Amino acid sequence: MSIEKKRSGFGTRAIHAGQRPDPTTGAIMTPVFMTSTYVQEEPAKTKGYDYSRTCNPTRTALEGNLAGIEGGLHGLAFSSGMGAIHCLMSTLEPGHHVITCNDLYGGSYRLFTTLFEKFGIEFSFVDTTDLAQVEAAFQSNTRLVYLESPTNPLLRLSDLQAIADMSHSRSGVRVAVDNTFATPYLQTPLALGADIVIPSTTKYLGGHSDVVGGALILDDDDFCQDLRHYQNTVGSTPGPMDCFLVLRGIKTLHVRMDRHCESAEKIASWLEEHPKVAKVHYPGLASNPQNELCRKQMRRAGGMISLELEGGIEAGKAFAMNTRLFALAESLGGVESLLDHPASMTHAAIPREERIAAGLEDGLVRLSVGIESYDDLLADLEQALDTV
Ligand SMILES: *Cc1c(COP(=O)(O)O)cnc(C)c1O
């Protein structure tokens, strides 16, 4: 299975990894096993399933698929991205130290600072785009380096291979990468040396804005057993319908991502030339300071763009209010285009001084470029920019 998985191309794995026709009916699609429990032949003699918090056949199919697309041996599915991150952090102990990014996804920041710091886990929030800062942050009790690349909403990249090498030169340090923005089609952190990959499947993997989910993918058998213990103990597991929706979404991930990237690349270049646009954050632009790193570790730069307008916050808000196709909403990665004003929406919980210090200006607007017709997306941005 693992050899076959590593040999075939991404599209083949997205459609077939972890999947087999239903043995009783031949149904080609994995059935949605809406059951909480399973009849046993005699006490403790099961067909591999005893209770659906612990395991469910629809979830097994999804977990095999997630492992296949990330190129890992094991996949664990959760009821949300946060549930997956919580499970990973549960393996740490009081006194352990974690190095992480200073522009982390807001929910992860909240989980670390309001829950795990309380339990005696120490965090260093550093600029992980700067390898010297990462190197300087290691302590004797460091057990985890937790990265996001690209970050939300400034699309900053961290050199995953270099940080994995740096971490593994110490003993007992694991590297986890939140791969939500890139997806395994554009970037495979395990192949770059990371130990654990975390996607929020709510975003590109589900891809249709109709389900919330998350996952952990890894190679290490023993660590997988630990994670399974916490997954079952805490119970943040997805229901079978949610698993089915994510599985269905993943089958078209590569096709959707190609279109997300193609449109985002053209839009980013167009925005960069627009007189009302002050700055475009998109690692795929030749002018982006991390373009070389982007080429090194990503297939393409993805479907997310953020921009600042010449008119600052007023112009940013007017622009956000005046798009017609780009819907003003949180979240990202669905087929439909979305627009977010981070300072007042997704990142409002971060104190203003901290936000500005991290480079997140009041007027910043984030686009999740969907897969509608490119000409219509461009026309919408054009008319909205005319209004500011
Ligand atoms: C959305 C998101 C999460 C959290 O996932 P949920 O499914 O919303 O719990 C984590 N990391 C990143 C980068 C995200 O965009």
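Residues numbered from 1 in each chain as written. Predicted model: local features only at pLDDT ≥ 70, side-chain atom pairs only at ≥ 80, totals over all residues. Heavy atoms only, no water.

How would you sum up helix α10 (residues 240-250)? Please name residues and give values.
Side chains three or four residues apart in an α-helix point the same way, a direct result of the helix having 3.6 residues per turn. Burial analysis of α10 places eight of its eleven residues in the buried class, the great majority of the element. P240, C243, F244, L245, V246, L247, G249 and I250 are the residues of α10 that are buried. (Buried < 20%, exposed > 50% of the residue type's maximum accessible area, 1.4 Å probe, protein only. Helix = DSSP H or I, 4+ residues; strand = E, 2+ residues; numbered from the N terminus.)

Account for the site of the ligand, naming residues and giving values.
Taken together, the residues surrounding the ligand are S80, G81, M82, Y105, D178, T180, F181, S200, T202, K203, V212 and G213. S200 is positioned such that a nitrogen or oxygen atom in its side chain is 2.8 Å from an oxygen atom of the ligand. In this structure, G213 approaches the ligand through a main-chain N or O atom, which is 3.5 Å from an oxygen atom. (Near = heavy atom within 4 Å. Polar contact = N/O pair within 3.5 Å; in protein donor to acceptor, adjacent residues only side chain to side chain.)

For the environment of T114, give the residues involved together with the corresponding values.
With respect to the secondary-structure elements, T114 resides in helix α5 (residues 106-116). For the pair formed by T114 and G312, sequence separation is 198 residues and the distance between their alpha carbons is 32 Å. Within the structure, T114 has its side chain in polar contact with the backbone oxygen of R110 (distance 2.7 Å).

Break down the sheet that holds strand β8 (residues 277-281) for me, citing the residues and quoting the values.
Paired through their backbone hydrogen bonds, the strands of a sheet run either parallel or antiparallel. Pairing within the open sheet is mixed, and its five strands lie in the order β8-β9-β12-β11-β10. This sheet does not close on itself; its edge strands, each paired only once, are β8 and β10 (327-328). Where helix α13 (residues 312-322) meets the sheet, it contacts β9 (304-309), β10, β11 (338-340) and β12 (365-368), and its direction lies at approximately 130 degrees from that of β9. (Pairing = 2+ DSSP bridges. Contact = heavy atoms within 4.5 Å. Axes fitted to C-alpha atoms, helices over the stretch in contact; angles between N-to-C directions.)

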